[in-house]
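Here's the letter readout for the chains.
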Amino acid sequence: AVLCVPSEAGLPSAPADVSVAADCVEVRSGGSCEATALPAEVSLAPSSCRGLSRLPGEGLHLRMRLRRLPPSADLVFTLRESLKPQKSYVFYCQSCGDIIVKDRKFLRVLPLPSENWSALVEEWCCHPDPFARSALHPQHDDCFLGDTFFLLNSGNESHVPESLTVICKRCRTMLGETVSSDTVKYYVTEVIIRPSEASFSPIPRSQFVQNVIAQILVELSSAKSTFRFIIKGDNGKTYILIWLLNSDTLLVESSGSSSSHSVFTLFGDIFMPSTGPVGTWNAVKVLYQPCIKSRNKDIADEWENDIGVHPLTFPTETCMELLLILGLSTTSLPPSLQYMNSFQV
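Residues numbered from 1 in each chain as written. Predicted model: local features only at pLDDT ≥ 70, side-chain atom pairs only at ≥ 80, totals over all residues. Heavy atoms only, no water.

Turning to the protein chain, the UniProt annotation filed under Function (unreviewed entry) states: "E3 ubiquitin-protein ligase which accepts ubiquitin from specific E2 ubiquitin-conjugating enzymes, and transfers it to substrates, generally promoting their degradation by the proteasome. Independently of its E3 ubiquitin-protein ligase activity, acts as an inhibitor of CPSF3 endonuclease activity by blocking CPSF3 active site." Listed in UniProt under the heading Catalytic activity (unreviewed entry), the comment for the protein chain reads: "S-ubiquitinyl-[E2 ubiquitin-conjugating enzyme]-L-cysteine + [acceptor protein]-L-lysine = [E2 ubiquitin-conjugating enzyme]-L-cysteine + N(6)-ubiquitinyl-[acceptor protein]-L-lysine." (UniProt positions renumbered as here; feature names shortened; annotations may be inferred.)

J.: Help me out: how do you make sense of the sheet that holds strand E9 (residues 88-93) in this one?
T.: Strand pairing in a sheet is mediated by backbone hydrogen bonds. Such pairs are either parallel or antiparallel. The three strands lie next to each other as E10-E9-E17, forming an open sheet whose pairing is antiparallel. Every interior strand has two partners, whereas the edge strands, strand E10 (99-105) and strand E17 (191-195), have only one. For this sheet the average axis-to-axis angle between neighbouring strands, irrespective of direction, equals 20°. Inspection of the sheet shows E9 paired to E10 by four bridges, in the antiparallel sense. If you follow Tyr89 over to E10, its bridge partner there is Arg104. (Pairing = 2+ DSSP bridges. Helix = DSSP H or I, 4+ residues; strand = E, 2+ residues; numbered from the N terminus. Axes fitted to C-alpha atoms, helices over the stretch in contact; angles between N-to-C directions.)

J.: Explain the pairing of E9 to me, please; I cannot follow it from the model alone.
T.: The side chains of a regular strand alternate, first on one face of the sheet and then on the other. With respect to burial, E9 is a largely interior element, six of its six residues being buried. Here E9 folds back onto E10 in antiparallel fashion, the turn holding five residues, of which Gly97 has a positive phi close to 85°. Here E9 pairs with E17 via five bridges, running antiparallel. In the strand pairing of E17, Cys93 is matched with Val191. (Buried < 20%, exposed > 50% of the residue type's maximum accessible area, 1.4 Å probe, protein only.)

J.: Whenever I open this one, helix H3 (residues 205-224) confuses me. Can you help?
T.: The periodicity of an α-helix, 3.6 residues per turn, causes residues three or four positions apart to be oriented the same way. Taking 1.5 Å of rise per residue, 20 residues should cover 28 Å, and H3 covers 28 Å from first to last C-alpha, within 8% of that figure. Taken together, the buried positions of H3 are occupied by Arg205, Ser206, Phe208, Val209, Val212, Ile213, Gln215, Ile216, Leu217, Leu220 and Ser221. In the stretch just after H3, Ser225 is the one whose phi turns positive, near 50°. (Expected span 1.5 Å × (residues − 1).)

J.: Whenever I open this one, the state of the cysteines confuses me. Can you help?
T.: Note: disulfide means a covalent bond formed between the sulfur atoms of two cysteine side chains. What the rule picks out here adds up to zero disulfides. Cys93 provides the cysteine sulfur closest to Cys171, a residue in no disulfide bond, and the two sulfurs are 3.7 Å apart. (Disulfide = S-S within 2.5 Å.)

J.: Looking at this structure, how should I read the packing of H3 against helix H6 (residues 316-331)?
T.: Describing two packed helices takes the angle between their axes plus the distance from one axis to the other. Across the interface, H3 lies against H6 with an axial gap of 10 Å and an inter-helix angle of 95°. The angle between H3 and H6 places the two elements in the roughly perpendicular class. Where H3 approaches H6, its residues Arg205, Ser206, Val209, Gln210 and Ile213 are matched on the opposing element by Thr318, Glu321, Leu322 and Ile325. (Parallel < 35°, antiparallel > 145°, perpendicular 65-115°, else oblique. Contact = heavy atoms within 4.5 Å.)

J.: I tried to follow the nonpolar core on my own but got confused; where do I start?
T.: Within soluble globular proteins, side chains that are nonpolar tend to cluster in buried spots. By size, the foremost hydrophobic cluster in this structure holds 43 residues, and its most contacted members are Phe91, Phe150, Leu152, Tyr186, Ile240 and Ile242. Broken down by element, this core gets its largest block of residues, seven residues, from H3. Each of domain 2 (79-195) and domain 3 (205-344) gives at least three residues to this core. The next biggest cluster of nonpolar side chains, apart from the first, holds nine residues, and it includes Ile230, Cys291, Trp303 and Val309. (Core = buried A, V, L, I, M, F, W, Y, C linked by side-chain atoms within 4.5 Å. Domains from an automatic or database assignment.)

J.: Mind showing me how you'd approach the sheet that holds strand E15 (residues 174-180) here?
T.: Across the sheet, six strands lie side by side as E11-E12-E13-E16-E15-E14; this open sheet has mixed pairing. Each edge of the open sheet is held by one strand with a lone partner, namely strand E11 (108-111) and strand E14 (165-167). Between one strand axis and the next, the sheet turns by 25° as a mean value, whatever way the strands run. Pairing of E15 with strand E16 (residues 183-187) involves four bridges; the strand directions are antiparallel. When the bridges of E16 are listed, Ser180 appears paired with Thr183.

J.: Please explain the side chain of Arg228 as it appears in this structure.
T.: Relative to the assigned elements, Arg228 resides in strand E18 (residues 228-233). Among the polar contacts listed, one links the side chain of Arg228 to the side chain of Asp306, at a separation of 2.7 Å. Once residues within four sequence positions are removed from consideration, Arg228 is found in contact with Ile242, Trp243, Trp303, Asp306, Gly308, Val309 and His310. (Polar contact = N/O pair within 3.5 Å; in protein donor to acceptor, adjacent residues only side chain to side chain.)

Structure representation (structure tokens):
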């Protein structure tokens, strides 16, 4: 655990008395007291405290072990677990809530090969790719799941346009693209799927994007031991390099001194503490490099040619949203914790 306690503005260099208990950290300086409380499920190990230092403009930093009760339920929502055969679903536009596909029941819900499977086939086979002419097209009762999208048979659906791009009729947001005359691809960052009997409730955009992409990173790292990802737009351009450090980070923040609550409102989100005056969030910790306008081209080219790096494709606008979300998240950290080598945190 890394704790950052802001210094009093008027006393940047005054002596400080730090008191660490299992449930809080108190800092007394110049007659004032700053207390950092912890949620009930989290406790500190005071004897493990180390690395106490005061950094100009940031305050006090210290490290110690923490203990956390296991969560009562798995908080990670997975598309593969949510879509079941023989159940009826409604597909909504995430941006405006308009119904895209209504009451569709699937007989089969099947995972697709990963996006770089054809490159792996070239490594495995000593003869031309035997699957080069094969196409995976779902039948009417099929749903095929990719890493960042799912394929449906469009059949007689009237909402599918003749153009390549699939756009929401109400808000004009790009939802996906047509793959063939009878197959449409929807990106998981643009569509909300609910059982037909369940009611629809909107989710703030940045919260949805963060949850979905974090879920994808966690699933792929667990299933394939892949921790480096290239985020590409549907135009083929590379936008971000992401290196997943860990997926079990717990962010605990005092609502009274929060900086991230305000910066995330650029997307219209209001991140409220989960319990009382202390906010807690499950988070993934990543390193990243922006690649727009040919930035970090050398390392991007190196990752492109590395078979251990997994490509993930999203709509171009979503790539830009993710880049802004990452940047805002970085700026909410103390300056000394915003970088690791040449990567942003």
